[in-house]
Amino acid sequence: ALARKWRPQTFSELVGQEHVVTALTHALEQGRLHHAYLFTGTRGVGKTTLARIIAKALNCETGVTATPCGVCAACREIDGGRFPDLVELDAASNTQVDNMRELLENALYAPTAGRYKVYLIDEVHMLSRSAFNAMLKTLEEPPAHVKFILATTDPQKVPVTVLSRCLQFNLKQIPQPQIAGQLRKVLEAEGIAFEDAALALLARAAQGSLRDALSLLDQAIAHGGGQVTDTSVRAMLGTVDRGYLFTILEALAAGDGPAMIAEADRMAARSLSFEAALQELATLLHRVALMQAVPDAIDANDPDRPRLAQAAGAFTPEEIQLLYQIALHGRGDIGLAPDEYAGFTMTLMRMLAFVPENGAVPSAGAAARRVARPASAAPRRERAAMETAAAATTARQPAAPAPTAESENTVAVGGGDWLALVNDALKIGGMAKMLAQHCELVSQTADRIELRLAEAHVHLMEKPYQDKLRAALEAHYGRRMRLTITAGPATGNTPAEIGDRERAARQAQAIAAIERDPFVREMVENFDARVNEPTIKPL
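Residues numbered from 1 in each chain as written. Predicted model: local features only at pLDDT ≥ 70, side-chain atom pairs only at ≥ 80, totals over all residues. Heavy atoms only, no water.

1. Remarks on a nonpolar patch on the surface
So, step 1. Taken together, the side chains of Phe519, Met523 and Phe527 make up a nonpolar region of the molecular surface, amounting to roughly 340 Å² of accessible area.
So, step 2. Considering the arrangement of structural elements, one finds Phe519 in helix α24 (residues 518-527). (Patch = residues over 30% accessible without salt bridge, like charges linked within 9 Å, V, L, I, M, F, W, Y side chains within 5 Å. Areas by Shrake-Rupley, 256 points an atom, 1.4 Å probe, with all protein chains shown as cover. Salt bridge = Lys/Arg side-chain N within 4 Å of Asp/Glu carboxyl O. Helix = DSSP H or I, 4+ residues; strand = E, 2+ residues; numbered from the N terminus.)

2. Quick word on the side chain of Glu263
So, step 1. As for its placement among the helices and strands, Glu263 is situated in helix α13 (residues 257-269).
So, step 2. Among the residues examined, Glu263 registers a relative accessible area of 6% and is labelled buried.
So, step 3. What Glu263 contacts, discounting residues up to four positions off in sequence, is Tyr244, Thr247 and Ile248. (Buried < 20%, exposed > 50% of the residue type's maximum accessible area, 1.4 Å probe, protein only. Contact = heavy atoms within 4.5 Å.)

3. Here we look at the packing of helix α20 (residues 418-425) against helix α21 (residues 430-437)
So, step 1. One can describe the packing of α20 onto α21 by two numbers: an axis separation of 10 Å at closest approach and a directional angle of 165 degrees. The orientation of α20 with respect to α21, classified from their angle, is roughly antiparallel. Seen along the crossing, α20 lies across α21 with a hand that is left-handed. From α20, Trp418, Val422 and Asn423 reach across to α21, where they touch Lys433, Ala436 and Gln437.
So, step 2. Across the contact of α20 with α21, the residue classes tally to three nonpolar, two polar and one charged. (Axes fitted to C-alpha atoms, helices over the stretch in contact; angles between N-to-C directions. Parallel < 35°, antiparallel > 145°, perpendicular 65-115°, else oblique. Left-handed = near helix turned anticlockwise from the far one by under 90°. Nonpolar A, V, L, I, M, F, W, Y, C, P; charged D, E, K, R; others polar.)

4. Points about the confidence of the model for the protein chain
So, step 1. Across the protein chain, the average pLDDT comes to 81, with 88% of residues at 70 or higher.
So, step 2. Highest mean pLDDT in the protein chain belongs to helix α16 (residues 317-333) (92); lowest belongs to strand β6 (residues 410-411) (36).
So, step 3. Throughout residues 358-416 the model reports pLDDT below 50, and contacts reaching past four residues in sequence, or to other chains, amount to 85 contacts. (pLDDT = per-residue confidence, 0-100.)

5. Notes on the environment of Asp85
So, step 1. With respect to the helices and strands, Asp85 occurs in the loop between α4 (73-80) and β2 (86-90).
So, step 2. The exposure class assigned to Asp85 is buried, which follows from its relative accessible area of 1%.
So, step 3. Taking C-alpha positions, Asp85 is 8.1 Å from Tyr119, a pair spaced 34 residues apart along the chain.
So, step 4. Ignoring anything within four residues of it in the chain, the contact list for Asp85 reads Pro111, Thr112, Ala113, Gly114, Tyr116, Lys117 and Val118.
So, step 5. There is a polar contact of 2.7 Å between the side chain of Asp85 and the backbone nitrogen of Ala113.
So, step 6. Within the local environment of Asp85, its side chain forms a polar contact with the backbone nitrogen of Gly114, the two atoms lying 2.7 Å apart. (Polar contact = N/O pair within 3.5 Å; in protein donor to acceptor, adjacent residues only side chain to side chain.)

6. What to know about the state of the cysteines
So, step 1. Inspection of the entire model under this criterion finds zero disulfides.
So, step 2. Its sulfur unpaired, Cys69 is 3.5 Å from the next cysteine sulfur, which belongs to Cys72.
So, step 3. Note on Cys69: relative accessible area 31%, which makes it partly exposed. (Disulfide = S-S within 2.5 Å.)

Here it is as structure tokens:
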């Protein structure tokens with residue numbers, strides 16, 4: 001296995017832990033040796049490897065050195081796991097106090113073959129409290145020939161009394177560029193063909209662990225038939241091809257919802273993970289933000305650079321930040337969605353809804369597709385308010401009816417002003433008034449009124465409600481009236497719909513007035529304040 005074959009044998013071969021290597025090298029060179037070391041860090045960052053290198057440095061036949069020779073009997077036996085004075089204990093399997101007492105009793109005896117007895121206790125946080133108590137006295141006053149090296153992935157579970165007796169080093173996660181560089185070095189030495197994009201994918205999937213990266217590399221070589229390619233690694237990891245995501249961003253910039261859903265359908269046809277797709281989308285948006293703010297952060301030879309530059313020019317930095325947050329929230333919420341496809345496409349629709357129009361007055365279709373962000377909504381809401389008010393004014397003037405046989409006796413449809421009649425003149429309430437509000441006037445003569453009820457409210461067409469409405473009309477006109485109500489498609493001219501538009505217009509004007517206020521604008525710009533729109537009420 002590559003992870004075993006390429007395990008570092010010296011401090012100089014260790015990847016990504018320069019801060020620890022420097023401190024230990026100086027300590028060995030100056031003879032300032034501590035009796036107990038604690039190495040902390042996530043899996044695969046070099047804790048056990050570092051402990052074995054220290055064991056070689058202490059027991060190399062050339063003397064205590066920061067550069068063990070690697071060829072003497074002691075170095076070779078430590079590398080082969082056969083050195084009698086290097087005792088490795090897995091605390092996860094030996095948690096009991098008896099195991100610790102046996103180890104401490106043996107520590108009293110002098111080394112068999114080396115200069116120091118080195119005890120390496122891995123996952124030390126798994127020891128029982130009794131085992132920790134048993135080792136405290138030895139840790140505080142160990143024999144001169146004994147060195148303890150403790151390793152753990154969870155230092156919070158190690159008692160403070162143990163921590164205070166150890167020299168602690170925190171091994172950090174290895175950066176992706178360093179992991180990719182080490183993988184490149186391994187493949188070149190092994191004579192295996194590879195693509196740099198594939199190594200970047202493996203480095204990201206390893207999440208800071210070089211051991212995991214080498215294990216994934218073994219798998220990638222087998223999956224790719226002896227070579228490591230971007231396509232093969234993506235298939236192995238289930239990683240989403242960035243081409244899909246770039247296409248989605250291009251459709252988003254164009255406000256093309258159908259194209260975005262079509263791309264999601266293509267991804268579903270290939271059974272790609274939509275949770276992984278949202279993770280990749282967030283990564284892509286992060287790179288777009290870098291392209292906008294620090295173009296030099298994107299390597300000039302990066303194959304994605306042209307498309308990243310195109311995306312950076314299609315959105316403002318504020319929009320990219322918004323899209324990034326939506327992607328993160330979408331990934332967090334995908335487990336709550338009916339299925340991954342629904343969670344992914346709903347995230348895309350949210351992006352489409354909250355990306356502002358590029359300064360132009362939106363068309364009716366575009367307005368239905370997009371909603372402006374609060375930070376830049378004021379001018380757009382003013383336009384929307386004027387458009388809505390204009391629509392409401394037009395709605396109060398229903399179209400004239402087609403000529404009928406009674407045309408000479410027909411009163412103009414708009415003459416009675418059905419809106420004012422329903423809201424102000426008729427003495428009516430309850431369900432009968434609701435029925436009137438959801439009807440629009442079709443025609444009216446001296447003794448007959450014809451109304452059309454929107455199909456969505458056909459449940460209001462009950463005889464008692466019609467009788468009450470007819471009685472109110474007769475009381476208003478002072479004569480008998482014939483009332484005819486038919487269900488059909490509404491044209492938006494019912495009193496209820498007109499009222500909704502007027503309320504929306506007043507609300508939009510109120511929000512616009514608040515957002516134009518100099519004090520509010522100063523709070524938003526300088527203190528990252530946010531207008532709580534539901535609390536705004538028109539006067």
